[in-house]
Amino acid sequence: MKFLTRTKIYNFLKLHQIKKNDIVFVHGNAAVIKQMNGKNNKQKINNFWSSFLDYFAKDGTVIVPTFTYSLTKNKIFNPKNTLSSIGLFSETFRKLKFTKRSNHPILSVSHFGKLSQQINKTSDKTCFGKNSIYELLYKKNAKLLCLGCSYNELTFAHYIEEKLKVRYRYHKFFEGYYYKNNKKKFIKCDYFVRDLKYKYKTKLNLRKIIASLKKNKKYKSNAIGYMPAHSVKVRDLLTKAKKHILQNKHYLIN
């Protein structure tokens, strides 16, 4: 097997037309990191993420979801030590010395780069609403990047669903405690959740919108090593969704 190298990662990013000053929200599978050159897992992890650091650090921003869903589980969230519940890819990123983590008690993200201060100022009281991390992604026209995982992992789609007020989701408030600036605080957070009693299945299925974006050359699909990878701009995703949801309110689900 041919291993990934720093140069190959740079070439991969350029193939996806991702620039050094871009804001990139990355979903990933840990198997992608295993392709990296290195003597052991620790070295592979360091080599992989240091490649991203060198590419983006000066002018760009990299964000990785480190969701915990703590409030929904009646657990106390601490950004310093609560493990990501969505896999090793996000957990390896969270534990890096050069990354910071947001305080969101449901959908925290870890990040580095030029936009870090703005990310940490996003609201902890909403998941997809005003002043959320997802609104910031929209305002900055960030790029969404899936490494070794399905495009159905794109949680930005839930921001679109809230913005377009789909009927198969609703606002639910979760209350509990979390740590912010090393102080334990009470919080009430708005989460636009699936309506499990809705007459149709409400799980994301982005196949139709991705096919439409591909047709218009707004969606890129180029592998990283032997793993699939996809990328799209958030505004292209929202614009296409808005157009189709006006005709079919269930466009983003099964």
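Structural data are supplied above this passage.
(A) Up close: the packing of helix α8 (residues 207–215) against helix α9 (residues 234–245). Contact geometry for α8 and α9: axes closest at 10 Å, N-to-C directions at 115°. In terms of orientation, α8 lies roughly perpendicular with respect to α9. For the pair α8 and α9, the sense of crossing is right-handed. On α9, the residues touching Ile209, Ser212 and Leu213 of α8 are Asp236, Leu237, Lys240, Ala241 and His244. Its residues assigned to classes, the contact of α8 with α9 shows four nonpolar, two polar and two charged.

(B) Just the pattern of salt bridges, in detail. Evaluation of the coordinates by the stated rule reveals six salt bridges. Where Arg94 meets Glu91, a salt bridge forms, and the shortest distance between an N and an O atom there is 2.7 Å. Here Arg94 and its partner Glu91 are both found in helix α4 (residues 88–94), three residues apart, which amounts to about one turn of the helix. Notably, a salt bridge pairs Asp124 with Lys180, separated by 3.1 Å at the nearest N-O pair. With Asp124 in the loop between α5 (116–120) and α6 (133–139) and Lys180 in strand β6 (residues 169–180), the pair connects residues that are 56 residues apart, well separated along the chain. Residue classification places Asp124 among the buried residues on the basis of a relative accessible area of 7%. For Lys180, a relative accessible area of 23% translates into the label partly exposed.

(C) Region of the structure containing the side chain of Thr202. Considering the arrangement of structural elements, one finds Thr202 in the loop between β7 (183–194) and α8. At 3.1 Å, the side chain of Thr202 forms a polar contact with the side chain of Arg194. Among all residues touching Thr202, those that are not within four sequence positions of it are Tyr168, Arg194, Asp195 and Ile253.

(D) Representation of the sheet that holds strand β9 (residues 229–233). As summarised here, the arrangement of the seven strands in space is β3-β4-β2-β1-β5-β9-β8, forming an open sheet in which the pairing is mixed. The open sheet is flanked by β3 (100–101) and β8 (219–221), the only strands paired with a single partner. The pairing of strand β1 (residues 23–28) with strand β5 (residues 143–147) spans five bridges and is classified as parallel. Looking across to β5, one finds that Phe25 is bridged to Leu144.

(E) Molecular detail of the nonpolar core. In terms of nonpolar packing, the biggest core is built from 51 residues, with Tyr134, Phe156, Ile209 and Leu252 touching the most fellow members. Of all the elements in the fold, those that place two or more residues in this core are β1, α6, β5, α7 (156–163), β6, β7, α8 and α9. Contact partners of Tyr134, with chain neighbours within four places excluded, come to Phe25, Phe67, Leu107, Cys127, Phe128, Thr155, Phe156 and Tyr159. Phe12, Val62, Phe93 and Met227 belong to the second largest nonpolar core, which has 26 residues in total.

(F) Expanded view of empty space enclosed by the protein. Going through the model one piece at a time under the given rule, you end up with two cavities of 30 Å³ or more. Lining the largest cavity are Ser102, His104, Leu107, Val109, Thr122, Ser123, Asp124 and Ile133. Grouping the amino acids of the lining of the largest cavity by side-chain chemistry returns three nonpolar, four polar and one charged. Estimated volume of the second largest cavity: approximately 30 Å³. Every residue lining the second largest cavity is listed: Leu144, Leu145, Cys146, Tyr151, Leu154, Tyr219, His230, Ser231 and Val232. Every element with two or more residues in the lining of the second largest cavity is listed here: β5 and β9.

Rules and cut-offs
- Residues numbered from 1 in each chain as written.
- Predicted model: local features only at pLDDT ≥ 70, side-chain atom pairs only at ≥ 80, totals over all residues.
- Heavy atoms only, no water.
- Axes fitted to C-alpha atoms, helices over the stretch in contact; angles between N-to-C directions.
- Helix = DSSP H or I, 4+ residues; strand = E, 2+ residues; numbered from the N terminus.
- Parallel < 35°, antiparallel > 145°, perpendicular 65-115°, else oblique.
- Left-handed = near helix turned anticlockwise from the far one by under 90°.
- Contact = heavy atoms within 4.5 Å.
- Nonpolar A, V, L, I, M, F, W, Y, C, P; charged D, E, K, R; others polar.
- Salt bridge = Lys/Arg side-chain N within 4 Å of Asp/Glu carboxyl O.
- Buried < 20%, exposed > 50% of the residue type's maximum accessible area, 1.4 Å probe, protein only.
- Polar contact = N/O pair within 3.5 Å; in protein donor to acceptor, adjacent residues only side chain to side chain.
- Pairing = 2+ DSSP bridges.
- Core = buried A, V, L, I, M, F, W, Y, C linked by side-chain atoms within 4.5 Å.
- 1 Å grid on protein atoms, 1.4 Å probe; cavity = no way out; pocket = protein on both sides within 12 Å on 5 of 7 lines; lining within 4 Å.
- Points joined across faces, edges and corners; volume = space filled by probe spheres on them.

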